[in-house]
Amino acid sequence: MKPLAKPSFRAVEWVGNTDGHLLLLDQTRLPSDVVFLECRDVDTVWEAIKTLRVRGAPAIGIAGAYGLCLGLRSEDSMSEDQWFARLNAVADRMITSRPTAVNLAWAVRRVRDVALALRGGGSLEEIEAAMLAEARAIEDEDREMCRSIGRHGASLLANCDNVLTHCNAGGLATSEYGTALAVIFSAVEAGKRLHVWVDETRPLLQGSRLTAWELVQQGISATLICDSMAAQVMREGRVQAVVVGADRIAANGDTANKIGTYGLAQLAAAHGIPFYVAAPTSTFDLSLASGDAIPIEQRDAREITHVFGSPTAPAGVAVYNPAFDVTPARLIRAIVCERGVISPVTTDAIARCAGLRAK
Ligand code: MRU
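These remarks concern the structure in this document. Predicted model, so just to flag it, every value in this text is computed and none were measured.

**Observations regarding the pattern of salt bridges**
Point 1. The final tally for this structure, using the stated rule, is 21 salt bridges.
Point 2. Salt-bridge contacts for R10 lead to E13; the nearest nitrogen and oxygen are separated by 3.6 Å.
Point 3. On the basis of relative accessibility, which here comes to 26%, the residue E13 falls in the partly exposed class.
Point 4. Overlapping salt bridges bring together R10, E13, E139, D140, R143, R147 and E176 as one network.

If you want it as structure tokens, here you go:
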């Protein structure tokens, strides 16, 4: 076992106690600049999630949880009724910042529910302290879940495998270690030699800007490709496994992830390559029977018509920009969560695994 270097960054970090603040590594500035955004109010956190300064399903959940704490600092002038009305309003608004990743709503509601459960049983200051403790617990649990996903998933990769990944499901997208990248990190730590194909991930380039950055930092052999090259690389026999993260997994295993994931799963099936999803159970949404009900975020046309501020399309052209797509469960060989490896991916197997979740 050769542990990799601890990442040099934390995507989300709370500094201090209830009067503290949130630090977000501004991922829109990577890889050129490592700049942190200091958030002292809820609106700054909302904007940071909306604009992908912080992104990745678990990371936006953690940021949203801390954001709710920032939005509920008690003011002398606020009555208890006003405070609880604000709690619901801030929680509801926070969840609107991004609709697809269920981790955001899950984490925000978890912190809100702690406050609701304590109503009448303590001062507002005590409730605020309990909310912060819950947000910290969500972050700590995520760290553990990512490590565990890595340990379970590493066994799916063989020595000398070439692994293709899409978007960024690494430390930047979580509390620390990642989900899809945790599988890769863990296999490398166990002594396997791997090579990673990194999809650049249009339109916002999370693959080239973020995943490649993380892999280079860890000294893991990686090659960047345009999304449209994946088919050719697979056809050349250069991919033995695909591993991606997830934003929401429905009860039947259908999985929403970054746009382009569904196409990759189809390509993997056509080439007989196993397609794996790595995600904590906080990404499972058993209230949705299938992926058809997963809300798909639609983003600004400018993300497609402009590259770093310069136009790359004629003014006035129509644009369609869904940020995520849904991969049907039948194309997924296994889902790796902190509880183990779910394979085959069935409604029953998912219910069993998610049922083991502590909260
Ligand atoms: O739009 P993004 O960058 O937030 O999309 C992120 C992804 O699609 C990730 O693969 C997913 O959130 C899993 S992160 C562990």
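**Side note on the sheet that holds strand 5 (residues 195–199)**
Point 1. A sheet is described by the order of its strands in space; here 7 strands give the open sequence 6-5-4-7-10-15-16, paired in mixed fashion. Two strands lie at the open edges of the sheet, namely strand 6 (222–225) and strand 16 (340–342), each paired on one side alone. With direction set aside, neighbouring strand axes in the sheet form an average angle of 25°.
Point 2. Strand direction decides the pairing type here: strand 4 (residues 162–165) and strand 5, joined by 4 bridges, are parallel. Among the inter-strand pairings, T165 is bridged to a residue of strand 5, identified as V198.

**Some thoughts on the site of the ligand**
Point 1. Neighbouring the ligand are 18 residues, the closest being R55, A57, R98, N257 and K258.
Point 2. Between G56 and the ligand, the recorded distance is 3.0 Å, taken from a backbone N or O atom to an oxygen atom.
Point 3. A distance of 2.6 Å is found between an oxygen atom of the ligand and a side-chain nitrogen or oxygen belonging to N257.
Point 4. Contact with the protein chains removes 99% of the 410 Å² of surface that the ligand exposes when unbound.
Point 5. Going through the elements one at a time, helix 2 (57–70) and strand 9 (255–258) are the ones with two or more residues in the shell around the ligand.
Point 6. Within the shell around the ligand, the residues separate by chemical class into 8 nonpolar, 6 polar and 4 charged.

**Points about the sheet that holds strand 3 (residues 36–39)**
Point 1. In space, the 3 strands of this open sheet follow the order 1-2-3, with antiparallel pairing throughout. One side of each edge strand has no neighbouring strand; the edge strands of this open sheet are strand 1 (12–15) and strand 3. Averaged over all neighbouring strand pairs, the angle between strand axes comes to 25°, with direction disregarded.
Point 2. Both strand 2 (residues 21–25) and strand 3 contribute to a ladder of 4 bridges, which runs antiparallel. Residue pairing for strand 3: L22 is matched across the bridge by C39.
Point 3. The sheet strands contacting helix 2 are strand 1, strand 2 and strand 3, and the helix crosses strand 1 at an angle near 25°.

Definitions and cut-offs
- Position numbers for residues count from 1 along each chain, tracking the sequence in the order it is written.
- In view of the model being predicted, local features appear only for residues whose pLDDT reaches at least 70, and side-chain atom pairs are presented and counted only at 80 or more, with totals across whole chains, interfaces and linings using the full set of residues.
- In computing side-chain properties, one takes all heavy atoms of the structure into account and sets aside hydrogens as well as water.
- Salt bridge, as used here, is a side-chain nitrogen of Lys or Arg placed within 4 Å of a carboxyl oxygen of Asp or Glu.
- The cut-offs for exposure are 20% and 50% of the maximum accessible area for each residue type, with area from a 1.4 Å probe on protein chains only; residues under the lower value are buried, those over the upper are exposed, and the others partly exposed.
- Note on pairing: two strands pair once DSSP finds at least 2 bridges between them.
- Only DSSP runs of H or I reaching four residues or more are called helices, and only runs of E reaching two or more are called strands; each is numbered from the N terminus.
- Helix axes use the C-alpha atoms of the stretch in contact, all axes being lines fitted to C-alpha atoms, and the angles between their N-to-C directions lie in the range 0 to 180 degrees.
- If a single non-hydrogen atom of a residue is within 4 Å of a molecule or strand, that residue counts as near it.
- Under this definition, polar contacts are N or O atom pairs within 3.5 Å; protein pairs additionally need one hydrogen-donor-capable and one acceptor-capable atom, and for neighbouring residues in sequence, both atoms have to be side-chain atoms.
- Note on areas: Shrake-Rupley, 1.4 Å probe, and residue coverage restricted to the protein chains presented here.
- All residues other than Ala, Val, Leu, Ile, Met, Phe, Trp, Tyr, Cys, Pro, Asp, Glu, Lys and Arg, Gly among them, are scored as polar; the first ten of these are nonpolar and the last four charged.
- Whether two residues are in contact is decided by their heavy atoms, any of which lying within 4.5 Å being enough.

Function-wise, these values are silent; they only describe arrangement.
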